[in-house]
Amino acid sequence: MNLIDCKLSIIIVSYNTKGLTDNCIASIYKSILNYSFEIIVVDNHSTDGSVEMIREKYPSVILVENTTNFLFAIANNQGAKIARGEFLLLLNSDTLVSGDNLQKWFRFLARYLIR
C-alpha cells in the first residue's frame, strides 16, 4: 500500500494486553471496511509476549516497540507520527470491532465532517 492509498490509520496502544490486543486486531480484520487501512500497534514494553504474538500472527501490522512504558498519550502520539492514513482512529486494545461499524463511521465522516 502506498501513502496515497491509505485512508485510515488505526492506532492501538498495548501494555501487557496480549489477549485483548489479539482479539482487537482480529476483529478489525474481520470487519467490513471498504477503505484502505493500516494498523499501528505501539507496545509500551510489554512482558507478556504481546510483541511476539503480533509479529507472528499479524506481520502486516506496523509495530512500534518501546523500551519503556511511555504511557497512553505519548504512545498514541508515536503512532500518529508514523501514520500514513488520511484519518486516524485511536482504538483501545480492549475494543472489538463488529460487522460494518468502521464502515458506518466512515460514512458519518463523509457526510458530516469531510467537506
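What counts and how
- Residues numbered from 1 in each chain as written.
- Predicted model: local features only at pLDDT ≥ 70, side-chain atom pairs only at ≥ 80, totals over all residues.
- Heavy atoms only, no water.
- Disulfide = S-S within 2.5 Å.
- Buried < 20%, exposed > 50% of the residue type's maximum accessible area, 1.4 Å probe, protein only.
- Helix = DSSP H or I, 4+ residues; strand = E, 2+ residues; numbered from the N terminus.
- Expected span 1.5 Å × (residues − 1).
- Contact = heavy atoms within 4.5 Å.
- Arc of directions from axis to C-beta.
- Axes fitted to C-alpha atoms, helices over the stretch in contact; angles between N-to-C directions.
- Parallel < 35°, antiparallel > 145°, perpendicular 65-115°, else oblique.
- Left-handed = near helix turned anticlockwise from the far one by under 90°.
- Phe/Tyr/Trp six-rings, centres within 6.5 Å; stacked < 30°, edge-to-face > 60°.

So, on to the state of the cysteines. In a disulfide, the sulfur atoms of two cysteines are held together by a covalent bond. For the structure shown, the criterion picks out zero disulfides. Cys6 carries a free sulfur, and the closest cysteine sulfur to it, the one in Cys24, is 16 Å from it. According to the relative accessible area criterion, Cys6 is buried, its value standing at 3%.

Our next topic: helix α1 (residues 18–30). Relative to the 18 Å expected for 13 residues at 1.5 Å per residue, α1 spans 18 Å between its end C-alpha atoms, a close match to the ideal helical length. Residues of α1 that are buried: Thr21, Asp22, Cys24, Ile25, Ala26, Ser27 and Ile28. Packed against the buried residues of α1 are β1 (8–14), β2 (37–43), α2 (50–57), β4 (87–92) and α4 (101–113).

When the terminal C-alpha atoms of α4 are compared, their 17 Å separation across 13 residues agrees well with the 18 Å that a helix rising 1.5 Å per residue should span. Burial in α4 covers these residues: Leu102, Gln103, Phe106 and Leu109. The buried residues of α4 occupy an angular sector of 115° when the element is viewed end-on, so they sit on one face.

The next point concerns the packing of α1 against α2. Packing of α1 against α2 brings their axes to within 9 Å, and their N-to-C directions diverge by 25°. For the element pair α1 / α2, the angle class is roughly parallel. Crossing hand, α1 versus α2: right-handed. Contacts between α1 and α2 involve Lys18, Thr21, Asp22 and Ile25 from the first element and Ser50, Met53, Ile54 and Lys57 from the second.

Applying the stated criterion to the full structure yields six aromatic pairs. Ring centres 5.0 Å apart and planes at 45° place the aromatic pair Phe108 and Tyr112 in the tilted group. In this pair, Phe108 and Tyr112 both sit in helix α4, four residues apart, roughly one turn of the helix. Phe108 gets classed as partly exposed once you look at its relative accessible area, which sits at 43%.

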